[in-house]
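Below are the chains, spelled out letter by letter.
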Amino acid sequence: MAAYFSIILVLATLITGLIWLYDLVFLAPKRKAQLALAQEARPDLDQATKDGILRESAIVETAHSVFPVIAFVMVLRSFIYEPFQIPSGSMMPTLLVGDFILVEKFSYGLRDPVWRTKLVETGEAERGDVAVFKYPEDTRIDYIKRVVGLPGDTVIYKNKQLWLKPACDGSNQAECAAPYLVHRSELNRGDFVQDGVPLIEYQEQLGKVEHHILINPMRPDATAYYYDQAGLPVGEWIVPEGQYFVMGDNRDNSKDSRFWGFVPEANLVGKAVAIWISFEFDRQPSDWLPTWLPSGVRFNRIGGIV
C-alpha cells in the first residue's frame with residue numbers, strides 16, 4: 001500500500017480539484033442564475049430558500065472541503081518532507097527500529113510524485129549522507145543506507161575495513177592516487193549485542209561526516225554473496241557514472257551495495273535529516289497488549305541525524 005500512496009494522493013487531489021473547478025466554472029453560476037430568477041418572481045424570498053438554492057451538492061461540498069487539505073499534504077510530502085519509519089536494524093546505531101524520520105525530498109532534485117521525473121536540479125548526494133532510495137531490485141520498496149561511494153569512486157571492503165579511492169577530478173590528485181583506509185576509532189564493546197555477541201562500536205570519518213558504525217567481530221565477511229563486478233576482485237567495486245554505492249552502518253547486518261550493486265541516481269528519494277519521534281517496542285507475545293503498540297518513547301533520540 002505504501003508503494004502506491006503517492007499515486008493515490010495525486011489522484012485524490014486531481015479528482016477533488018476537478019470537482020471543485022467544475023462547480024466553480026459551471027454549477028455555481030447556474031445556481032446564482034436560479035437565485036436571480038427566483039428573486040425576480042418573489043422579491044420577498046426568505047434567507048433559508050436562498051441558501052437552499054445556492055447550496056452545493058454533497059459531493060461538491062466534500063471536494064471543496066477536502067481539496068485544499070489533500071493538495072497541501074501532496075505538495076509537502078512530494079516536494080518538501082516525507083515521514084518514514086525505520087523497520088530494521090541495518091542502520092544501527094545511527095537509526096534504531098522504531099525511529100520515525102523526516103526525509104528532505106528536495107535534497108537531490110525535485111521530482112514529480114508519480115513518474116519520478118526530475119523537474120528541478122537542487123543538489124546531489126554527498127559522501128556520508130543518509131539517503132532513502134528505491135531498492136534497485138524492487139522499486140516498490142524504500143531502503144535507507146549511507147552513501148559511501150560516489151560516481152567514479154573505487155570502493156574496497158575487506159576484513160571489515162573500508163577503503164576508498166575517489167574519482168579524479170583534476171583538483172584531488174593526491175587523494176585519488178591510491179585507495180586510502182577510511183579512518184575509524186573504537187568507542188565501546190557491548191553497548192549493542194547481536195545473537196549474544198557484543199558488537200564493536202566505532203566512530204568513522206566518511207568524507208566530512210563523522211558517524212558511528214557497528215562491527216560483529218565473530219561474523220566473517222559474506223564475500224561469497226558479494227556483488228561481482230566484471231574485471232574486479234571480490235570485495236572491490238568501481239561506481240558507474242550516475243550511480244552510488246551505499247552501506248548500512250550496522251556493517252554485518254545490512255543488505256546493501258556489497259550484495260546487490262549500485263543505486264541509480266534516479267532511484268534517490270531524499271536525504272534523512274531528523275528523527276521526529278522514536279518509539280520502543282519491548283512487549284512480549286505473552287503481554288495483554290499487542291506487540292505493535294509502543295511500550296515507550298525515546299525522547300533522547302529526537303533531533304538531527306549524523
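Residues numbered from 1 in each chain as written. Predicted model: local features only at pLDDT ≥ 70, side-chain atom pairs only at ≥ 80, totals over all residues. Heavy atoms only, no water.

**Section: the overall build of the chain**
Then, number 1: Helix and strand counts for the chain come out as four helices and 18 strands.
Then, number 2: Principal-axis analysis of the C-alpha atoms places the extent of the chain at approximately 90 × 55 × 30 Å.
Then, number 3: For the chain, with 306 residues in total, the buried portion stands at 41%.
Then, number 4: The long-range share in the chain, meaning contacts at least 24 apart out of those at least 6 apart in sequence, stands at 55%. (Helix = DSSP H or I, 4+ residues; strand = E, 2+ residues; numbered from the N terminus. Buried < 20%, exposed > 50% of the residue type's maximum accessible area, 1.4 Å probe, protein only. Contact = heavy atoms within 4.5 Å.)

**Some points on the sheet that holds strand S10 (residues 184–194)**
Then, number 1: Taken together, three strands build an open sheet; the order of strands is S10-S11-S12 and the sheet is antiparallel. The sheet is open, and its two edges are formed by S10 and strand S12 (209–215), each paired on a single side. Direction aside, neighbouring strands of the sheet carry axes that sit 30° apart on average.
Then, number 2: Pairing of S10 with strand S11 (residues 197–206), which is carried by seven bridges, proceeds in the antiparallel orientation. Bridge pairing links glutamine 194 to valine 197 in S11. (Pairing = 2+ DSSP bridges. Axes fitted to C-alpha atoms, helices over the stretch in contact; angles between N-to-C directions.)

**A word on the packing of helix H1 (residues 5–41) against helix H2 (residues 47–54)**
Then, number 1: Packing of H1 against H2 brings their axes to within 8 Å, and their N-to-C directions diverge by 150°. As judged from the angle between their axes, H1 and H2 are roughly antiparallel. The way H1 lies across H2 gives a crossing that is right-handed. The residues of H2 that touch H1, namely those facing Arg31, Lys32, Gln34, Leu35, Ala38 and Gln39, are Lys50, Ile53 and Leu54. (Parallel < 35°, antiparallel > 145°, perpendicular 65-115°, else oblique. Left-handed = near helix turned anticlockwise from the far one by under 90°.)

**Examining the packing of aromatic side chains**
Then, number 1: As enumerated under the stated definition, the model contains 15 aromatic pairs in all.
Then, number 2: On the basis of an interplanar angle of 65° and a centroid distance of 5.7 Å, the ring pair of phenylalanine 100 and tryptophan 276 is categorised as edge-to-face. In this pair, phenylalanine 100 is assigned in strand S2 (residues 99–104) and tryptophan 276 in strand S16 (residues 268–280), connecting sequence segments 176 residues apart.
Then, number 3: On the basis of relative accessible area, phenylalanine 100 is assigned to the buried category, the value being 17%.
Then, number 4: Its relative accessible area of 42% is what places tryptophan 276 among the partly exposed residues.
Then, number 5: For the ring pair phenylalanine 100 and phenylalanine 279, a centre distance of 5.6 Å and an interplane angle of 85° mean the geometry is edge-to-face. Placement of phenylalanine 100 in strand S2 and of phenylalanine 279 in strand S16 is noted, with a sequence separation of 179 residues between them.
Then, number 6: Residue phenylalanine 279 is classed as partly exposed on the basis of its relative accessible area of 22%.
Then, number 7: Through successive ring pairs, a cluster of aromatic residues spans Tyr226, Tyr227, Trp237, Phe245, Phe259 and Phe262.
Then, number 8: The cationic tip of arginine 184 hangs over the ring face of tyrosine 202; the distance from NZ or CZ to the ring centre is 4.1 Å.
Then, number 9: Above the face of the tyrosine 157 ring, arginine 258 is positioned so that its terminal group lies 5.0 Å from the ring centre. (Phe/Tyr/Trp six-rings, centres within 6.5 Å; stacked < 30°, edge-to-face > 60°. Lys NZ or Arg CZ within 6 Å of the ring centre and 35° of its normal.)

**Overview of the side chain of serine 78**
Then, number 1: Within the secondary structure, serine 78 is located in helix H3 (residues 58–80).
Then, number 2: Here methionine 74 takes part through its backbone oxygen, which lies 2.7 Å from a polar atom of the side chain of serine 78.
Then, number 3: In this structure, serine 78 is in contact with Lys105, Arg111 and Pro113, ignoring residues within four places of it in sequence. (Polar contact = N/O pair within 3.5 Å; in protein donor to acceptor, adjacent residues only side chain to side chain.)

**Observations concerning unusual backbone geometry**
Then, number 1: Residue proline 93 is reached from methionine 92 by a cis peptide bond, and omega for that bond is 5°.
Then, number 2: One can find proline 93 in the loop between strand S1 (81–85) and S2.
Then, number 3: One non-glycine residue, arginine 116, adopts positive backbone phi at about 60°.
Then, number 4: Residue position: arginine 116 is located in the loop between strand S3 (110–111) and strand S4 (118–120).
Then, number 5: Note on arginine 116: relative accessible area 22%, which makes it partly exposed.

**Some details on the nonpolar core**
Then, number 1: The biggest cluster of nonpolar side chains holds 17 residues, and the ones touching the most others in it are Val148, Val155, Tyr157, Leu162, Trp237 and Phe245.
Then, number 2: Of all elements in the fold, only strand S7 (154–158), strand S8 (161–165), S11, S12 and strand S14 (243–247) reach the threshold of two or more residues within this core.
Then, number 3: Ranked by residues supplied to this core, first place goes to S11 with three residues.
Then, number 4: Those residues within four positions of leucine 162 in sequence are excluded, and the remaining contacts are Val148, Val155, Ile156, Tyr157, Tyr180, Leu181, Val182, Glu204, Leu206, Met247 and Arg251.
Then, number 5: Listed in part, the 13 residues of the second largest apolar core include Met91, Leu95, Ile144 and Ala272. (Core = buried A, V, L, I, M, F, W, Y, C linked by side-chain atoms within 4.5 Å.)

**With respect to a nonpolar patch on the surface**
Then, number 1: Residues Tyr4, Ile7, Ile8, Leu11, Leu14, Ile15, Leu18, Leu21, Tyr22, Leu24, Val25 and Phe26 make up a contiguous nonpolar surface patch of about 1100 Å² in total accessible area.
Then, number 2: Here tyrosine 4 lies in the segment before H1. (Patch = residues over 30% accessible without salt bridge, like charges linked within 9 Å, V, L, I, M, F, W, Y side chains within 5 Å. Areas by Shrake-Rupley, 256 points an atom, 1.4 Å probe, with all protein chains shown as cover. Salt bridge = Lys/Arg side-chain N within 4 Å of Asp/Glu carboxyl O.)

**Here's the deal with the sheet that holds strand S9 (residues 180–181)**
Then, number 1: Ordered by their spatial adjacency, four strands build an open sheet running S9-S8-S7-S13, and the pairing between neighbours is antiparallel. Edge positions in the sheet fall to S9 and strand S13 (236–238), since each has one partner strand and no second.
Then, number 2: In this sheet, S9 lies alongside S8 in antiparallel orientation, the contact comprising two bridges. Residue pairing across strands places leucine 164 opposite tyrosine 180, the latter belonging to S9.

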